[in-house]
Amino acid sequence: MHNVVIIGSGCAGLTAAIYAARANLKPLVIDGHEQGGQLSLTTHVENYPGFPDGIMGPELIENMRKQAQRFGAEFKAGAVNEVDLTKRPFKITAGKESYESKTLIVAAGASARLLGLPGEKELIGRGLSTCATCDGYFFREKAIAVVGGGDSAMEEANFLTRYASKVYLIHRRKEFRASKIMIDRVKANPKVELVVPAVVEEIHAPEGHVTGVRVRNPDGKETTELDVHGVFVAIGHDPNSTVFKGKLDMDANGYLIPKHGTLTSIPGVFVAGDVQDHRYRQAVTAAGSGCMAALDAEKFLDEHMD
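Residues numbered from 1 in each chain as written. Predicted model: local features only at pLDDT ≥ 70, side-chain atom pairs only at ≥ 80, totals over all residues. Heavy atoms only, no water.

## Focus on the overall build of the protein chain
Item 1. The number of helices and strands found in the protein chain is 6 helices and 19 strands.
Item 2. Taking the principal axes of its C-alpha atoms as reference, the protein chain extends roughly 70 × 40 × 35 Å.
Item 3. Scored against the burial criterion, the 306 residues of the protein chain give a buried share of 50%.
Item 4. Sequence-distant contacts, at least 24 apart, represent 60% of the contacts inside the protein chain between residues at least 6 apart.
Item 5. Entry remark: accessible area of the protein chain is about 15,200 Å², with carbon and sulfur atoms responsible for 49%.
Item 6. One way to put it: in the protein chain the 35 positive side-chain charges average out to a point 2 Å from where the 38 negative ones average out. (Helix = DSSP H or I, 4+ residues; strand = E, 2+ residues; numbered from the N terminus. Buried < 20%, exposed > 50% of the residue type's maximum accessible area, 1.4 Å probe, protein only. Contact = heavy atoms within 4.5 Å. Areas by Shrake-Rupley, 256 points an atom, 1.4 Å probe, with all protein chains shown as cover. Lys, Arg positive; Asp, Glu negative; His and termini not counted. Charge placed at Lys NZ, Arg CZ, Asp CG, Glu CD.)

Next up, the structure:
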């Protein structure tokens, strides 16, 4: 029997583990789909407070993990495939292992959608990114491409013109899904060039770093080569919330819906990080909500000493 089980080992889950462990609750952390979350796929992190020279994403995650372990947090590898939230203690199943817990913190994160091209994952942090706010700064005075057609893609394209010399906005259709105001802003930006309709056929990285992309017109066969140093994929995120379908409140896109901070409709179940945040998706906001969830779990346990 555990006091707290935390699902997810990114910034939210690890911060929750640090706080819960320091409260002597001996939390169990189940790593989830990606051990360390999206930060483990990031190279240089320059916007996390306290690191004036920046820090590598995997190093930041490893430091948090060690900090949680130092205070008594326990870690188990694997992804959760079943949860029973109908009664307390809650039952959590990960692979062949089952755990019972008085409280549950869901910090399972969200996974960025990628284009599905060969070698794409290996280029994350080497010119390919899924976060303009995280990585835009590294592309000062360089040409880059943004792939997508929704509000996120428009927002990222506009944001990236602060740094880039040129931004190619690539979308597979002539029409964009984005709102008119966002489209108008992009069209009015002299640094943005629309490449539509076009699909990215290949990302060139002969020495392991992005040097360009080949795009193809889906209406024909003609291809175009674009010299870019970066590719920002802005085609959305998928929250890792499938196992909670029908068990916790979620919006149409699968993001869990918190109530009054980190609380859910089930007493004793709390949510934190990107699994419930489709807006900010930053390491520091995830860490903050992980702290809140742990404090809420501690308070719940104090009030339910049975």
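## Looking at the nonpolar core
Item 1. If you look at the biggest cluster of nonpolar residues, it comprises 34 residues, and the most contacted ones within it are Ile6, Cys11, Leu39, Tyr48, Met64 and Ile105.
Item 2. Residue assignment for this core shows that the elements contributing at least two residues are strand E1 (2–7), helix H1 (11–22), helix H2 (57–70) and helix H6 (283–303). (Core = buried A, V, L, I, M, F, W, Y, C linked by side-chain atoms within 4.5 Å.)

## Quick look at the pairing of strand E6 (residues 80–84)
Item 1. Two elements, E6 and strand E7 (residues 90–94), share 4 bridges in a ladder whose sense is antiparallel. Following the sheet pairing, Glu82 is matched in E7 by Thr93.
Item 2. Joining the antiparallel neighbours E6 and E7 is a turn of 5 residues. (Pairing = 2+ DSSP bridges.)

## A word on the packing of aromatic side chains
Item 1. What the rule picks out here adds up to 6 aromatic pairs.
Item 2. Note on Tyr137 and Tyr163: the rings are 6.0 Å apart at their centroids and 80° apart in plane angle, and the pair reads as edge-to-face. Pair noted here: Tyr137 is in the loop between helix H3 (132–135) and strand E11 (143–147) and Tyr163 is in the loop between helix H4 (151–160) and strand E12 (166–170), with a separation of 26 residues, a long-range link.
Item 3. Measuring from centroid to centroid gives 6.2 Å for Phe270 and Phe300, while their planes differ by 75°, and the two rings are edge-to-face. Here Phe270, found in strand E19 (residues 269–271), pairs with Phe300, found in helix H6; they are 30 residues apart in sequence, far enough to count as distant. Each member of the pair, Phe270 as well as Phe300, is classed as buried.
Item 4. Through a chain of ring-to-ring contacts, the aromatic side chains of Tyr137, Phe138, Phe159 and Tyr163 assemble into a single cluster.
Item 5. For the cation-ring pair, Arg22 lies above Phe71, with the distance from its terminal atom to the ring centre recorded as 5.4 Å.
Item 6. Here the basic side chain of Lys166 rests over the ring of Tyr168, its NZ or CZ set 5.4 Å away from the ring centre. (Phe/Tyr/Trp six-rings, centres within 6.5 Å; stacked < 30°, edge-to-face > 60°. Lys NZ or Arg CZ within 6 Å of the ring centre and 35° of its normal.)

## Some points on the state of the cysteines
Item 1. The final tally for this structure, using the stated rule, is 1 disulfide.
Item 2. Lacking any disulfide linkage, Cys11 is separated from the closest cysteine sulfur, that of Cys134, by 10 Å.
Item 3. With no disulfide partner, Cys291 has as its closest neighbouring cysteine sulfur the one in Cys11, 13 Å distant. (Disulfide = S-S within 2.5 Å.)

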